[in-house]
Amino acid sequence: MIRAEGLTYSFGSRRAVDDLSLSVQRGCCFGLLGPNGAGKTTTIRMLTGTLVPDSGRVLMDGALDPSQKESKRLIGFAPQALALYDELSARENLAFLGRFYGFSGGALRKRCDEVLELVGLRERAKDLAGSFSGGMKRRLNLACALVHAPKILFLDEPTVGVDPQSRNRIFDNVKDLKAQGMTILYTTHYMEEAERLCDRVAIMDQGRILAEGSVAELKNSYGGTPILRIQVQDQEEELFPIEDPMAEIPRLLAKHPDLVSFEFDRPNLEQVFLRLTGRKLRDQ
Amino acid sequence: MIPILNLAFKDLKILLRDRGGLFFVLVFPLIYALFFGAIFSGEGGQSVMRISVIDQDRSEASQSFLQRLEKSPSLSLEGHSLAEAKALVRRGKLVAYCVLPKGLGESSLFAPSKNPPKILLGIDPSRKAEKGFLQGILTEAWFAGLQETFMNTKKMRAEVDRSLKQAMGAKNLSSVDKARLRDMLVSIDKFYASWEQKRVQVKSMPQSGTTQQSEKPQIQMGPEFIFQGIGPKRVRPASAFEVSFPSSILWGMIACVSAFALSIVKERVRGTFLRLEVAPIPKGSILLGKAFACFLAATAVCVLLLLFASLVFGVRMQAPFKLLVGVLMTAFCFSGIMMFVASLGKTEQAVAGASWAIMIVMMMLGGGMVPLIAMPSWMAQLSDLSPVKWGILSLEGAIWRHFSWMELLPFLGLLLGVGILGLLLGTYLQFRGRGG
Ligand SMILES: Nc1ncnc2c1ncn2[C@@H]1O[C@H](COP(=O)(O)OP(=O)(O)O)[C@@H](O)[C@H]1O
Ligand SMILES: [Mg+2]
């Protein structure tokens, strides 16, 4: 559905994206995971045709250039910045965008109601976007990208600055949309989100993709072995690298009858990132 | 809906909900127009009238008349040649000029009706109020002179004597009139003679004359005013509001420039532009929609202010079609300028600063602050460079200046040209600034 080959873009002398290639299958939720400044937003802008790459090319749906009108109809985009008109109500924001896609009158109203319902803002439809909380704005930002029922959805850090309820709502929305067969490209610097939502993840740093695969594949290749921590009465905590925890546990219980607690550290994408770059994903 | 209309209506809706923006676009210009209109209309009625008196007679009588005029608190006299004075009246620098022709002093006090003393006046016929007022002051000064003469018995008797001689020698009087006049003058002479004696011998009474009052003598006592043409009709605003409203409209224009230039930057910063760039509309239409919204708002401001001016203050619209063209061209020009101004910075503060700085200079030079008439000459020359001046003149040209199309054309052309230039340059700079 989306295909990018050798994308490169520099802001002046600073190379933001460096020879990046990726391919997203129809109906897949593709995660672009990387720290701030990795080049995720720049990549999305090239994929959506709002930034012309210095070199490389992007193909939508097999053959379309993203700046063509036909491919623009396929694309929905929720920018990282809250791209809303504060002076307009939630519904007016949606209706304004919907008109560009040929909606009008009753059909437009119906479509606005649907997406407002989807993101849980139906009751606040008439309130000005400026009066919304951060989480509500994020949800409206998502609704704006969905008003014309796109086939491909670009979400640039859709959960930044969001309260837990809004965050869960957005997760549910993304899952639902994926279930309906929408192709989604999702960028984030939260590895939990990528693990939870994405079928495939590309780990990105300094404008490049360092590794790509399903979450399980990445963990297997770069996560290292799982670690078992056990605490036996009156003893120091012990760590064991183990391959197959299910087989290990019965043996463990038999060996240590006075076991107080045990913990199992599965490898996560954080560790994958640490392995790949020698740095943490976020500065804590 | 056409994308540009959708974009423009959205911006207008936002402007209507933005109290600060609306204040500068509409309310402030209105306050400006009312304030300056009121200040200058007050001054118009009460000020001292500047007139020039040309004394061609140089007689004792004309000199004393002049002296009396000088004493009038309502007049300020200036010395000019007749030609100079005429030109000054035409240009509106003087209210009127007044010629005391040769022979004024000779025409005697009780001159025959067919040959009254003549004073020539040159005044703009449209200055109706001043005309009547001035005539009154001159007449009053004239009679003040008579009064002096009346009180001075020696002078009076000499005057009567002179009048008598003149009347008897006059060819254009019938013998009946001559007789009547002689009777009257003789009786007046007697009156004054007795008056002189009375001061010494209180007893003596003046002999009453035998003059009949049944028939009114056809003798005019006051001077006759002869109004002279002042050359081509001078156009002037009917009220200060005809000047203050065009200027205020230009304040509205620059407020529109500032509001919409800011809204472009806001959209760039907030990311709504990014969203529009993903929508299936031509890239240029996003900026064009902004320019169109600015144009609509600017036109609406013009129309609202002009309607208000016309309904409440009777501001004339001498040439409605020319006015419409002037309004559209002015709105267009400032929409172009808005586009250019929006390309001057990346942040809201930068653009707000740049736009107000540019606009205030334009306004100052263009006559939005110092009226064009009141400018020192160096400033008046610079003001030709300001679109604000072109706008004011093309509006005033249709409101009260009686501009012909030929006179309007340079201003309309400049407005159109700068509008197009601003649109092209602004669009180019903004596209370049976005890196594709
Ligand atoms: N408009 C810009 N001008 C200059 N540099 C930029 C601009 N936008 C992004 N960059 C730089 O490009 C790099 C990638 O940025 P971005 O794509 O926004 O990263 P991410 O979205 O992954 O946080 C960063 O180093 C950033 O500083
Ligand atoms: Mg980003």
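Residues numbered from 1 in each chain as written. Chains lettered and ligands numbered in written order. Predicted model: local features only at pLDDT ≥ 70, side-chain atom pairs only at ≥ 80, totals over all residues. Heavy atoms only, no water.

## A word on the site of ligand 1
Residues and elements named next belong to chain A.
- With respect to spatial proximity, the complete set of residues near ligand 1 consists of Phe 11, Arg 14, Ala 16, Pro 35, Asn 36, Gly 37, Ala 38, Gly 39, Lys 40, Thr 41 and Thr 42.
- Here an oxygen atom of ligand 1 and a side-chain polar atom of Arg 14 are 2.9 Å apart.
- Note that an oxygen atom of ligand 1 is positioned 2.7 Å from one of the backbone N or O atoms of Gly 37.
- Computed on the free molecule, ligand 1 has an accessible area of 550 Å², of which 63% lies beneath the protein chains in the complex.
- Contributions of two or more residues to the shell around ligand 1 are made by β2 (14-24) and α1 (40-47).
- Top element by residues in the shell around ligand 1 is α1. It accounts for 3 residues.
- Partitioned by chemical class, the residues of the shell around ligand 1 number 4 nonpolar, 5 polar and 2 charged. (Near = heavy atom within 4 Å. Polar contact = N/O pair within 3.5 Å; in protein donor to acceptor, adjacent residues only side chain to side chain. Areas by Shrake-Rupley, 256 points an atom, 1.4 Å probe, with all protein chains shown as cover. Helix = DSSP H or I, 4+ residues; strand = E, 2+ residues; numbered from the N terminus. Nonpolar A, V, L, I, M, F, W, Y, C, P; charged D, E, K, R; others polar.)

## Concerning helix α10 (residues 269-277) of chain A
Residues and elements named next belong to chain A.
- All of the buried residues along α10 are Leu 269, Glu 270, Val 272 and Phe 273. Angularly, the buried residues of α10 cover 160 degrees about the axis, an arc narrow enough to put them on a single face.
- One or two steps after α10, the chain reaches Gly 278, where phi turns positive at roughly 75 degrees. (Buried < 20%, exposed > 50% of the residue type's maximum accessible area, 1.4 Å probe, protein only. Arc of directions from axis to C-beta.)

## Let's talk about the nonpolar core
- Counting 119 residues, the largest nonpolar core has A:Leu140 and B:Phe334 as the members making the most contacts within it.
- A per-element tally of this core places helix α8 (residues 241-270) of chain B first, with 14 residues.
- Apart from residues no more than four positions distant in its own chain, B:Phe334 is found in contact with B:Leu250, B:Met253, B:Ile254, B:Val257, B:Cys294, B:Met362, B:Pro387 and B:Val388.
- If you look at the next biggest cluster of nonpolar residues, it comprises 28 residues, including A:Leu7, A:Val24, A:Cys28 and A:Phe77. (Core = buried A, V, L, I, M, F, W, Y, C linked by side-chain atoms within 4.5 Å. Contact = heavy atoms within 4.5 Å.)

## Considering the domain arrangement of chain B
- Here chain B is described as being made up of domain 1 (2-41 + 239-433) and domain 2 (43-201).
- Between the C-alpha centres of domain 1 of chain B and domain 2 of chain B there is a distance of 56 Å. (Domains from an automatic or database assignment.)

## Concerning a nonpolar patch on the surface
Residues and elements named next belong to chain B.
- Among the surface-exposed residues, Phe 23, Phe 24, Val 27, Ile 31, Phe 35, Ile 39 and Phe 40 lie close enough to one another that they form a single nonpolar patch of about 620 Å² accessible area.
- By the secondary structure assignment, Ile 39 is in helix α2 (residues 19-46).
- In this structure Ile 39 comes out as partly exposed when scored by relative accessible area, which is 39%. (Patch = residues over 30% accessible without salt bridge, like charges linked within 9 Å, V, L, I, M, F, W, Y side chains within 5 Å. Salt bridge = Lys/Arg side-chain N within 4 Å of Asp/Glu carboxyl O.)

## Observations regarding the interface of chain B and chain A
- With 23 residues of chain B in contact, the opposing surface of chain A contributes 31 residues.
- Across the interface of chain B and chain A, roughly 2,600 Å² is buried in total on both sides, 59% from carbon and sulfur atoms.
- By the criterion of area lost to chain A, the three top residues of chain B are B:Arg270, B:Arg275 and B:Pro280, representing 30% of everything that side buries.
- Run the count over chain B and chain A and you get 3 salt bridges.
- Seen at the junction of chain B and chain A, the total is 12 residue pairs in polar contact (both at pLDDT 80 or more).
- Elements with a contribution of two residues or more to the side of chain B that touches chain A: α1 (3-17), α8 and α9 (272-278) of chain B.
- In terms of residue count, the dominant contributor to the side of chain B that touches chain A is α1(B) (7 residues).
- A breakdown of the residues in the side of chain B that touches chain A according to their chemical character gives 10 nonpolar, 4 polar and 9 charged. (Buried area = accessible area lost by both parts, 1.4 Å probe.)

## Focus: the coordination of the magnesium ion (ligand 2)
- The protein atoms that coordinate the magnesium ion (ligand 2) are A:Thr41 (OG1) and A:Gln80 (OE1), at distances spanning 1.9 to 2.1 Å. With A:Thr41 in helix α1 and A:Gln80 in the loop between β5 (75-78) and α3 (90-99), the pair connects residues that are 39 residues apart, well separated along the chain. (Donors = N, O, S within 2.8 Å, 3.2 Å for Na, K, Ca; no water.)

## Looking at the packing of α8(B) against helix α12 (residues 348-366) of chain B
Residue and element names in this part refer to chain B.
- Running from N to C, α8 and α12 point in directions that differ by 160 degrees, and their axes come no closer than 9 Å. Viewed along their axes, α8 and α12 adopt a mutual orientation that is roughly antiparallel. In this structure, α8 meets α12 at a crossing whose hand is right-handed. Here Ser 247, Leu 250, Trp 251, Ile 254, Val 257, Ser 258, Ala 261, Leu 262, Val 265 and Lys 266 of α8 lie close against α12, whose contacting residues are Glu 348, Val 351, Ala 352, Ser 355, Trp 356, Met 359, Ile 360 and Met 363.
- Classifying every residue of the contact of α8 with α12 by side-chain character gives 13 nonpolar, 3 polar and 2 charged. (Axes fitted to C-alpha atoms, helices over the stretch in contact; angles between N-to-C directions. Parallel < 35°, antiparallel > 145°, perpendicular 65-115°, else oblique. Left-handed = near helix turned anticlockwise from the far one by under 90°.)

## Quick look at the packing of aromatic side chains
All names here are of chain B.
- Under the counting rule described, the total for this entry stands at 17 aromatic pairs over all chains.
- Residues Phe 28 and Trp 251 carry aromatic rings whose centres are separated by 5.4 Å and whose planes lie at 85 degrees to one another, so their mutual orientation is edge-to-face. Taken together, the residues span a long stretch of sequence, with Phe 28 in helix α2 and Trp 251 in helix α8 at a distance of 223 residues.
- Residue classification places Trp 251 among the buried residues on the basis of a relative accessible area of 9%. (Phe/Tyr/Trp six-rings, centres within 6.5 Å; stacked < 30°, edge-to-face > 60°.)

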